[in-house]
Structure formats: structure tokens, C-alpha cells
Amino acid sequence: MTRSRAAVLDGTGSPRLSVREFDVPALGPAGELVLRTVLCGVCGSDFHRYSWGTAGPCILGHEILARVEQVAPGWAAADGSPLHVGDLVVPETRIPCHSCQYCRGVGSRASKLIDYAICPRQRGLGGIPLDEMPLLSGGWSDFVELPHGAIVHHIPPEVNPTVAVLLEPFSIGMKATRTADIRPDDIVVILGPGPIGLFATVAAHEAGARKIVLAGRDGDQMRLALGRELGAHQTLLLGDGDPAEQLRSINRGQLATRVIEATGASGAFEIGVQLLGRGGVLTTVGGHRPGTKMTIDPADLVWKQLDIRGSALGANSYESCISVLAKGAYPFEKLVTHRFGLPDIELALQTFGQRGDCIKPVIVFD
């Protein structure tokens, strides 16, 4: 019988999170792909679940880097290559149904074809209730069982594991820039130098944006400096003044053609609208708390002909991100600022919540 540790969000109040040991009679009893976790990141959505809600019980963690432990017939990686025991892989965070109108692309805009972010029957790793199969469905666990329909990517040997664990959040930043439709003549402002904002900076640089401005607030200086290493041409500290004037002062009087809001703060969304020039596009990818309200003057949308777009998750973006990681052109390893063992998972969450010098904590499995 296999034993697996797992960090379970109980959903009933204090203690909200506990590391439990599970006796598993058989791993992958229904032909699931079984992974042994190597590293798993701590995401803002994990922190939000821990801080805000009572959802659970479930095993958290979805930024998974793992080795194949057990593979049943019929499994293959996303590129069609066979999966073998010992392969280093990253699973996509959501498991689509593969059959609904959204997964089939019926009636969807071209940019949203086959996008599991809008599949109504999708299931999310790190959020499947414990009373549903598979049992070990979150990355904060020694083993992960992936049900059929999960999408898995091989990690090439030239990608360091410390960098490979960043693939899932990188895919979110990559998809946001694609949703924004960034072109080489664009002036891009990215609001928020957290992990997603920093990955969006890389993606905008890869898209060849003419100018990339990464914006933050006082206390973000270390993150903004890292943003310059990741492709930002300039950085901007937003203070008490008019943000549009602050941007004009460093950008030859021009506003942005594209803004990516990656903060999850309603105030930043409103600032994003102010920073757009005529015909601009605001893409929001921040983890906004449900029920958040914000104010927009519809006259801005009409007379400035602005677009507002939402982007969620990283469907159809993993392969491009793997190619960027494999080039070794960016100091991605600097984003992994803290490492914790599974018994210290609450400390990892609290450290992430305090921000400071913590950008991306990861959980290390022996």
C-alpha cells in the first residue's frame, strides 16, 4: 500500500490547511496517469483560497513539475509523443471535457477556439473535492493522479527544473499577451510586477513590442528591476499623481496602445483605462475577488473606441512557453525566491502573502 502526504484545505474554518497522510491501496486505479511530484509552485489563487474561502476539502497545488511514476496504455503527451516512467512533465492546470461546444469551438471567436478556460465542465487540478476521483488530484502531494483528458507536456532536458516549474504561470502571462494582440508597433504597459506581470513582460518582449513599461508601486523596486532583466524597456512607480501624466512624462507624451492588468485590484483596472490612448486594448488577467466592482465611464469606451478583454489560464500557450524557457535567454530562475518543504506549507503561503522579496515560492519534494 502506498502512502502519500498531501496538504488539504479542509474548508471548515481553522485549521484551514493541514498536511495529511493517505493510505492508497492502488495508485491510478482507473488508468489515471500517476506522477511523483518534484516541485510545485505557490500561486496567488492558492493564497486566495487559503485566505478567502471555505471551499474544500481538496488537495491544493496546480503549478506541478513531476516525473511519471506509472502510465497506463493510451496515454501520450500533448505533442503526441509517448509517455514513459521517469519522464519529467508539467500537466496543464485544467482538465477540459473535450466534447462541449466550447471545447469543439462551436460559435466561439477564433481566438477562443478549443479554450478550456470557458469549458463549463472543466475540472481544475488543486481544486477537485476529496470525495471525487481521483483522490490525489492536487500538486501539494507526493503523488498526483491525472484523470483521462488531462493535458501533459514533456519538459526537454535543457530546461532546469527550477525554471520548468514556472511553466504554468508563464502560460498565463503568454496567453494574456496574445489576448491583447500585441504587435511590434505597440506601446505596452503592464500593471503589477508580480509573477504574472513579469511573465507577461517576457511574452510582450517575445512578441516584439516597441516599448514595454512595467508599472508598480513603492515597495516594488526589486521586482521592477527584475522586470528590466526580463524585457521591460522602462519601469514606472505609480504614486499619488495622475497616472496618465506619469506615463506621458516617460513616453514622449504618448499613452499606451495595450495595457495588461495583472494585479487583481479594482483600482489598477481603472488606472489601466486611464493609461490607454485612442483605440487601445485593456486585457485583465488579475485574480479579482468575485463580486468586485469598479467604475468605468462608458464615454471612454465609445469615443476613444477602447477594447476591454479578459484572459484566464494558459490554454494553447504551453508549447510556446517551453520554447522560450529552453532558449535560456531570460533569468527565470530569479523568480523562484523561496523554497519550502511540504510540512511548512502554511509558512510558504504566509510568506507569499507578505510579498516583500518573495516572488515565487515553491514546495520541494524529496
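Anything mentioned here points back to the structure above.
Undergrad: Tell me about helix α4 (residues 167-180), and please be specific about residues and values.
TA: End to end, α4 covers 20 Å across 14 residues, agreeing with the expected 20 Å (1.5 Å per residue, within 8%). Counting buried residues in α4 gives 12 out of 14 residues, a clear majority hidden from the surface. Of the positions making up α4, those classed as buried are Leu 167, Glu 168, Pro 169, Phe 170, Ser 171, Ile 172, Gly 173, Met 174, Lys 175, Ala 176, Thr 177 and Ala 180. Looking at the residues trailing α4, positive phi occurs at Asp 181, about 60°.

Undergrad: So what's going on with the packing of α4 against helix α5 (residues 195-206)? Residues and values would help.
TA: Two elements in contact, α4 and α5, have axes whose closest approach is 8 Å; the angle formed by their N-to-C orientations is 55°. Classed by the angle they form, the pair α4 and α5 counts as oblique. Viewed along their axes, α4 and α5 form a crossing whose handedness is right-handed. On α5, the residues that touch Pro 169, Phe 170, Ile 172, Gly 173, Met 174 and Thr 177 of α4 are Ile 196, Phe 199, Ala 200, Val 202, Ala 203 and Ala 204. Of the residues that constitute the contact of α4 with α5, the class distribution is 10 nonpolar, two polar and no charged.

Undergrad: Can you break down the sheet that holds strand β4 (residues 58-59) residue by residue, with the values?
TA: Hydrogen bonds along the backbone pair up the strands of a sheet, which may run parallel or antiparallel. Overall, antiparallel pairing links the three strands, which are arranged β2-β1-β4 in an open sheet. The open sheet terminates on both sides in strands that have one partner only, identified here as β2 (17-24) and β4. Sheet analysis places strand β1 (residues 2-9) next to β2, joined by eight bridges and oriented antiparallel. Paired with Arg 5 across the bridge in β2 is Glu 21.

Undergrad: With reference to specific residues and values, describe the side chain of Asp 142.
TA: Following the sequence through the fold, Asp 142 ends up in the loop between β8 (123-124) and β9 (143-146). What makes Asp 142 buried here is its relative accessible area of 14%. The residues touching Asp 142, leaving out its near neighbours within four places in the chain, are Ser 4, Arg 5, Leu 35, Arg 36, Thr 37 and Phe 365.

Undergrad: Give me the lowdown on the environment of Thr 93, citing residues and values where you can.
TA: With respect to the element layout, Thr 93 can be found in the loop between β6 (88-91) and β7 (94-95). C-alpha separation for the pair Thr 93 and Glu 168, spaced 75 residues apart in sequence, amounts to 7.2 Å. With residues up to four places along the chain from it excluded, the contact list for Thr 93 reads His 62, Tyr 116, Arg 123, Gly 124, Leu 125, Glu 168, Leu 313 and Tyr 318.

Undergrad: Before we move on, could you go through the state of the cysteines and cite the residues and values that matter?
TA: Under the counting rule described, the total for this entry stands at zero disulfides. There is no disulfide at Cys 321, and the cysteine sulfur nearest it, in Cys 43, is 15 Å away. Assessed through its relative accessible area of 0%, Cys 321 is described here as buried.

What counts, and at which threshold
Residues numbered from 1 in each chain as written. Predicted model: local features only at pLDDT ≥ 70, side-chain atom pairs only at ≥ 80, totals over all residues. Heavy atoms only, no water. Helix = DSSP H or I, 4+ residues; strand = E, 2+ residues; numbered from the N terminus. Expected span 1.5 Å × (residues − 1). Buried < 20%, exposed > 50% of the residue type's maximum accessible area, 1.4 Å probe, protein only. Axes fitted to C-alpha atoms, helices over the stretch in contact; angles between N-to-C directions. Parallel < 35°, antiparallel > 145°, perpendicular 65-115°, else oblique. Left-handed = near helix turned anticlockwise from the far one by under 90°. Contact = heavy atoms within 4.5 Å. Nonpolar A, V, L, I, M, F, W, Y, C, P; charged D, E, K, R; others polar. Pairing = 2+ DSSP bridges. Disulfide = S-S within 2.5 Å.

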